[in-house]
Amino acid sequence: IEVAPFDLIVFGATGDLAHRKLLPALYHRDLDGQIPADARIVACSRRDMSDADYREFARQAISEHVSDIEDEALSRFIDRLSYVAVDAAGERGWSELASALAGREDVVRAFYLAVSPDFFGPICERIGAHGLTTELARVVIEKPIGKDGESARKVNAAIGAVFREDQIFRIDHYLGKETVQNLMALRFANALFEPLWNAAHIDHVQITVAEALGVEGRAGYYDTAGAMRDMVQNHILQLLCLVAMEPPESMDADSVRDEKLKVLKALRPMDADLAARTTVRGQYRAGASAGGAVPGYLEELDDPASQTETFVAVKAEIANWRWANVPFYLRTGKRLAARVSEIVVQFRPIPHSIFGEEAGAIPPNRLVIRLQPDEGVRMQVMIKDPGPGGMRLRQVPLDMSFAKAFAVRNPDAYERLIMDVIRGNQTLFMRRDEVEAAWAWVDPILQAWSTLKEAPKGYTSGTWGPSAAIALIERDGRTWFEDL
Ligand code: BG6
């Protein structure tokens, strides 16, 4: 279905995000007929470039990231692009941008700030000062929103001085992933799970977002952030919210976000003592990845003193009726043994076995939601081992692999999210209070780490992180789920 006509103004249009994600995503949506004939994309950055130069940049970006391009569709898409050189924090280019937009006040006007967060405030201020906001204006920003609660509040206030909350789209691209949305379908479109979805039946939950890659040329940014700010504060807590929230009234943006907010507020606060016992920070050392030998983080960064973590494991708890005493083990890291993101919901063991010892052990049921790669959902259940030989039991997966079940291309998260911006649908975007509540839980952990002054624990690239992360869960008589 076509969206309404729009002007999409992309700041940072020559940057990495535009190159890798935004241009390919827009091309795909255009190819699928979702972009109306008179929609335009106005690219802005500091560089001096002509429209033709930018079109060539876009053509190359799309060729690099999209396989089997359709030439006619690509030309049609490229024709939508124009370029204005704009100084985000200066005055150059703003009146040219204003003339490029003039006369289009009646179409959706979305400003996409694919720039460093330092520019969010200055750009919004200039958008306001040049009178570029309209009733149909929207602004899209990317994480990181601040580096702690206080700076996040400042960023939010600067944007909020120009745009209303219903015009602000804070992207967490994990929410745009197909399987993440599927989590809501799984929970709320099936009668099967919800009655069991609580502390009485669930033993614990694991959320793993493991990456095989290192910091890949982003060390400058990454070293100021670390895994806690880069992944846990946003993506992982969002996943936790979707697993743990109460059923929202509807898919309406505020219904969903109200429920997520309650989860964030119910996270058991960490003090220094609890953080020391229930969090692990790691940093990768040299080792091996699929492509061969790889250097350690400190060598890549060329700073032997950096204490930035590239791995975090946390045992989190949600202090409410549904989840009391059900640990949520969270972990994420770079240069781990594989790229795999999954949520594992482990149910409690059966209360009593009627089978004798010869049947073998009866491991608990697990629901494994694989976010990437090989997206799918598996339910591990016990069956009788087929054939004669008595009642021997075996665990097998009830397996729903998306690739096997559906012969459709899995759209990138950005394709969904950009179209939602144009439609004005905020369900998959973070509200201001959510971002700030997530920081309220993260801040004391960061403070505890800086007080403790313990160096992150080294782990060899290509492994599952520091042994302390394994000890964190094994101490509770549980293990990380790994079935690669
Ligand atoms: C980004 C982080 O938000 O998410 C990166 O800044 C990380 O460090 C990336 O690599 C992971 O995203 P995905 O979609 O590849 O899992």
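Worth saying up front: this structure is predicted, and the values here are computed from it rather than measured.

Could you give an account of the packing of aromatic side chains, naming the residues involved and the relevant values?
Summed over the entire model, instances satisfying the criterion amount to 13 aromatic pairs. Where F11 meets W94, the ring centres are 5.5 Å apart and the plane angle is 25°; that geometry is what we call stacked. Here W94 lies in helix α4 (residues 94-101) and F11 lies in strand β1 (residues 6-11), a separation of 83 residues in the sequence. With respect to class, F11 is no different from W94; both count as buried. With centroids separated by 6.3 Å and ring planes inclined at 55°, the aromatic side chains of F111 and F163 adopt a geometry described as tilted. One end of the pair, F111, is in strand β4 (residues 108-113); the other, F163, is in the loop between α6 (149-160) and β6 (168-171), and 52 residues separate them in sequence.

Can you break down the nonpolar core residue by residue, with the values?
By size, the foremost hydrophobic cluster in this structure holds 158 residues, and its most contacted members are F11, L97, Y112, F328 and W441. Ranked by residues supplied to this core, first place goes to helix α9 (residues 227-244) with 12 residues. With near-sequence residues (within four places) excluded, F11 lies in contact with C44, V86, W94, L97, F111, Y112, L113, A114, V115 and I123.

Requested: an account of the UniProt feature "domain: Glucose-6-phosphate dehydrogenase NAD-binding" (unreviewed entry) in the protein chain, with residues and values cited.
The UniProt record annotates "domain: Glucose-6-phosphate dehydrogenase NAD-binding" (unreviewed entry) at residues 9-182. Within the segment residues 9-182, helix and strand shares are 43% and 17% respectively, and the terminal C-alpha atoms sit 30 Å apart.

Just give me the short version of the UniProt feature "binding site: substrate" (unreviewed entry) in the protein chain, but keep the residues and values in it.
Here the UniProt-annotated "binding site: substrate" (unreviewed entry) positions come out as H173, K177, E211, D230 and K334. The topology assignment puts H173 in the loop between β6 and α7 (178-188). The residues touching H173, leaving out its near neighbours within four places in the chain, are H235, A413, Y414 and L417. Looking at where K334 falls in the secondary structure, it is placed in the loop between β12 (328-333) and β13 (340-347).

Would you mind going over the packing of helix α1 (residues 16-31) against helix α3 (residues 71-78) in detail, with residue names and values included?
Packing of α1 against α3 brings their axes to within 10 Å, and their N-to-C directions diverge by 115°. Taken together, the axes of α1 and α3 lie roughly perpendicular to each other. Note on packing geometry: the crossing formed by α1 with α3 is right-handed. In this structure, α1 uses L23, L26, Y27, D30 and L31 to contact α3, whose residues at the interface are A73, L74, R76 and F77.

Describe in detail α4, supporting the description with residues and values.
Buried within α4 are the following residues: W94, L97 and L101. Here the buried residues of α4 occupy an arc of 55° about the axis, which is enough to place them on one side. Structurally, α4 contributes buried residues whose contacts are with β1, β2 (40-45), β3 (81-85), β4 and α5 (120-129). Positioned one or two residues after α4, G103 has a phi angle of 85°, which is positive.

The rules behind the values
- Residues numbered from 1 in each chain as written.
- Predicted model: local features only at pLDDT ≥ 70, side-chain atom pairs only at ≥ 80, totals over all residues.
- Heavy atoms only, no water.
- Phe/Tyr/Trp six-rings, centres within 6.5 Å; stacked < 30°, edge-to-face > 60°.
- Helix = DSSP H or I, 4+ residues; strand = E, 2+ residues; numbered from the N terminus.
- Buried < 20%, exposed > 50% of the residue type's maximum accessible area, 1.4 Å probe, protein only.
- Core = buried A, V, L, I, M, F, W, Y, C linked by side-chain atoms within 4.5 Å.
- Contact = heavy atoms within 4.5 Å.
- UniProt positions renumbered as here; feature names shortened; annotations may be inferred.
- Axes fitted to C-alpha atoms, helices over the stretch in contact; angles between N-to-C directions.
- Parallel < 35°, antiparallel > 145°, perpendicular 65-115°, else oblique.
- Left-handed = near helix turned anticlockwise from the far one by under 90°.
- Arc of directions from axis to C-beta.

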